[in-house]
Amino acid sequence: MTDERSAYDEKLESILRTAAQIFAEKGYHQASIRDIARATGVSLSGLYYYFNSKEELLFLIQDHAFGTLLANLERLLEDEEQPLRRLRLLMENHLRYFVANQAEMKVLSHEAEALTGDFRRRVNAKKRRLTEIAMEILTALRPQGDVDPRVATFAMFGMMNWLYNWHRPDRDVSLDKIVDDMYRIFVEGFLPAGAVVPAGATDATPGDSRPSIWRTAGAEE
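These numbers come from a predicted model, not from an experiment.

Quick look at the nonpolar core now. Core analysis: the largest hydrophobic core is formed by 69 residues, its most contacted members being Phe23, Leu57, Leu87, Leu90 and Met91. Beyond its immediate stretch of four places on either side in the chain, Leu87 contacts Ile137, Leu138, Leu141, Met156, Tyr183, Phe186 and Val187.

The following block contains the structure:
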């Protein structure tokens, strides 16, 4: 039963990766299930074994991507209490996934309004949790600050979420440099003048430098 479930999961993830590429290239509304069948080599009836509609397919991509992003962030933050370090971990986690999975992240950014009903509610719950974590960190940094935490939170996500639209690995700086620069820009513009960043707060995260949203955090290769 375990092997059967593993094979199912692997095939579903392969279909989701391919569908994300097609949705990113053509747009959700312009892409068809036949496009996905041709690209995956799976028949239409075979595809419907894994999902019931194109909207459910979009939901599975978004739910999986946000779920993986959120699960890894919560794992990174679990034993870290220092707010500046927590902010660094959040930004690095977000940017690494965006660079390594640009098609999926384009779908997350562009097709958010295509989901309806329970699909939309379930994805929005994960998005809200990401936002809540970020807002909690920023509030801890400036509990009596004159910058609204909601404004700061969405300004930060806006800066990071736009990355897929301009980043070109062959001509832009390295991912580590992008993470360092965005962290520095945001922190030095957010903290009061003269604030000191503690030693260790900007250390790079150990582990995979190009994590995939298709691997469960902590799972063995």
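Turning next to helix H8 (residues 149-161). With 13 residues, H8 should reach 18 Å at 1.5 Å per residue; the first-to-last C-alpha distance of 18 Å fits that figure. Every buried residue of H8 is accounted for by Ala152, Thr153, Met156, Phe157 and Met160. Projected down its long axis, H8 shows its buried positions confined to an angular sector of 125 degrees, all on one face. Along H8, the residues that are exposed and aim more than 90 degrees away from the buried face are Arg150 and Val151. Taken together, the buried residues of H8 touch helix H5 (83-100), helix H7 (117-141), helix H9 (163-166) and helix H10 (175-190). Its side-chain oxygen 2.9 Å from the backbone nitrogen of Arg150, Asp148 forms the N-cap of H8.

Another point: the environment of Met160. Along the polypeptide, Met160 turns up in helix H8. A relative accessible area of 0% places Met160 in the buried class. Linking Met160 and Leu95, residues 65 residues apart in sequence, is a C-alpha distance of 6.5 Å. Not counting residues within four places of it along the chain, the set of residues in contact with Met160 comprises Leu90, Met91, His94, Leu95, Phe98 and Met182.

Quick notes on the rules
- Residues numbered from 1 in each chain as written.
- Predicted model: local features only at pLDDT ≥ 70, side-chain atom pairs only at ≥ 80, totals over all residues.
- Heavy atoms only, no water.
- Core = buried A, V, L, I, M, F, W, Y, C linked by side-chain atoms within 4.5 Å.
- Buried < 20%, exposed > 50% of the residue type's maximum accessible area, 1.4 Å probe, protein only.
- Contact = heavy atoms within 4.5 Å.
- Helix = DSSP H or I, 4+ residues; strand = E, 2+ residues; numbered from the N terminus.
- Expected span 1.5 Å × (residues − 1).
- Arc of directions from axis to C-beta.
- Polar contact = N/O pair within 3.5 Å; in protein donor to acceptor, adjacent residues only side chain to side chain.

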